[in-house]
Amino acid sequence: MPAGIVIRAAVPEDAASIAAIYAPHVLVGTVSFETEAPDARQMRTRMTASGGLYPWMVATVGDEGGVLAFAYAARFREREAYRFVCETTVYVADAAQRQGAGRLLYEALIDTLRAQGFTQAIGVIALPNDSSIKLHEAVGFRRAGVYREVGYKNGQWIDVGHWQCELNEGSVPPVEPKRFADVGVVRG
C-alpha cells in the first residue's frame, strides 16, 4: 500500500470532500453524464440512500487526513431480480491520480462486495477512457459490451462501455447479500 493511505468506510463528514472530487468530472469532460455537480448535502443523501446495503468508501492520507478518492456500489437496476448485482464507481482527486489510491480503494470495494455475497459487479464507463478501463481490468473486470452513442454531453454523442466482474457464483436459490453496515470494509 502506498505510504500513509488508509481505506475506510465513508462517513457523512466526508460528503464535502467527495462532492469536491466529483464536481470537476461533472462540470468538465464526459466521464459523468450529470450536468450539475451535487453539493455536500446531496452527496450525504446519496451516501445514506441505500440504508446500509451498499458500500461507500474513501481513501485518505492517514487516519485523519484528507480524502484522496471515493468509491461506492449502488443498485444495478430497479427490478428485484437484479438485487444480487451492483454497479460500482470510483473517482480519484486530480492531485492523487496515478499514485495507487484508486486501485487500493477499488480492490477493497470488490473484496467487500464479495464478502457481502453479491454475485456480479458492473462498471459503467463513458468512452473513450483508457485509464478507467485499465483500472477496471486490473481489479478483475472484463469488457461485457458497449452501447453506442447513448449519452449526449458537451456537444457530442458518447459511447458507454460495460465491464463486468464476477464476485461470487450464483447459488440456487440465491443468498441475499449482507448489508455493508454488517460487514464493514474488507481488504484481501
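Residues numbered from 1 in each chain as written. Predicted model: local features only at pLDDT ≥ 70, side-chain atom pairs only at ≥ 80, totals over all residues. Heavy atoms only, no water.

(A) How the structure looks around the sheet that holds strand 6 (residues 142–153). On the basis of which strands lie adjacent, the open sheet formed by 7 strands has the order 1-2-3-4-5-7-6 and mixed pairing. Of all the strands in the sheet, just strand 1 (5–9) and strand 6 have a single pairing partner and so form its edges. In this sheet, neighbouring strand axes are inclined to one another by 25° on average, regardless of whether the strands run parallel or antiparallel. Helix 1 (residues 15–27) rests against strand 2 (56–61), strand 3 (67–75), strand 4 (85–92) and strand 6 of the sheet, and its axis sits at about 80° to strand 3. (Pairing = 2+ DSSP bridges. Helix = DSSP H or I, 4+ residues; strand = E, 2+ residues; numbered from the N terminus. Axes fitted to C-alpha atoms, helices over the stretch in contact; angles between N-to-C directions. Contact = heavy atoms within 4.5 Å.)

(B) The environment of Gly-140, seen in detail. Tracing the chain through its elements places Gly-140 in the loop between helix 4 (130–138) and strand 6. Residue classification places Gly-140 among the partly exposed positions, given a relative accessible area of 40%. Residues Gly-140 and Val-183, 43 residues apart in the sequence, show an inter-C-alpha distance of 21 Å. Dropping the residues within four chain positions of it, Gly-140 is found in contact with Gln-164 and Cys-165. (Buried < 20%, exposed > 50% of the residue type's maximum accessible area, 1.4 Å probe, protein only.)

(C) Quick look at the packing of aromatic side chains. In this structure the tally under the stated criterion is 10 aromatic pairs. Judged by centre distance (5.5 Å) and plane angle (25°), the rings of Phe-70 and Tyr-91 are stacked. Remark: Tyr-91 occurs in strand 4 and Phe-70 occurs in strand 3; sequence separation between them is 21 residues. For Phe-70, a relative accessible area of 1% puts it in the buried group. (Phe/Tyr/Trp six-rings, centres within 6.5 Å; stacked < 30°, edge-to-face > 60°.)

(D) Geometry of the pattern of salt bridges. The final tally for this structure, using the stated rule, is 8 salt bridges. In this structure, the salt-bridge partner of Glu-80 is Arg-83, at a minimum N-O distance of 3.6 Å. Residues Asp-182 and Arg-179 are paired through a salt bridge, measuring 3.6 Å at the closest nitrogen-oxygen approach. Given a relative accessible area of 59%, Asp-182 falls into the exposed group. You can call Arg-179 partly exposed: its relative accessible area is 37%. (Salt bridge = Lys/Arg side-chain N within 4 Å of Asp/Glu carboxyl O.)

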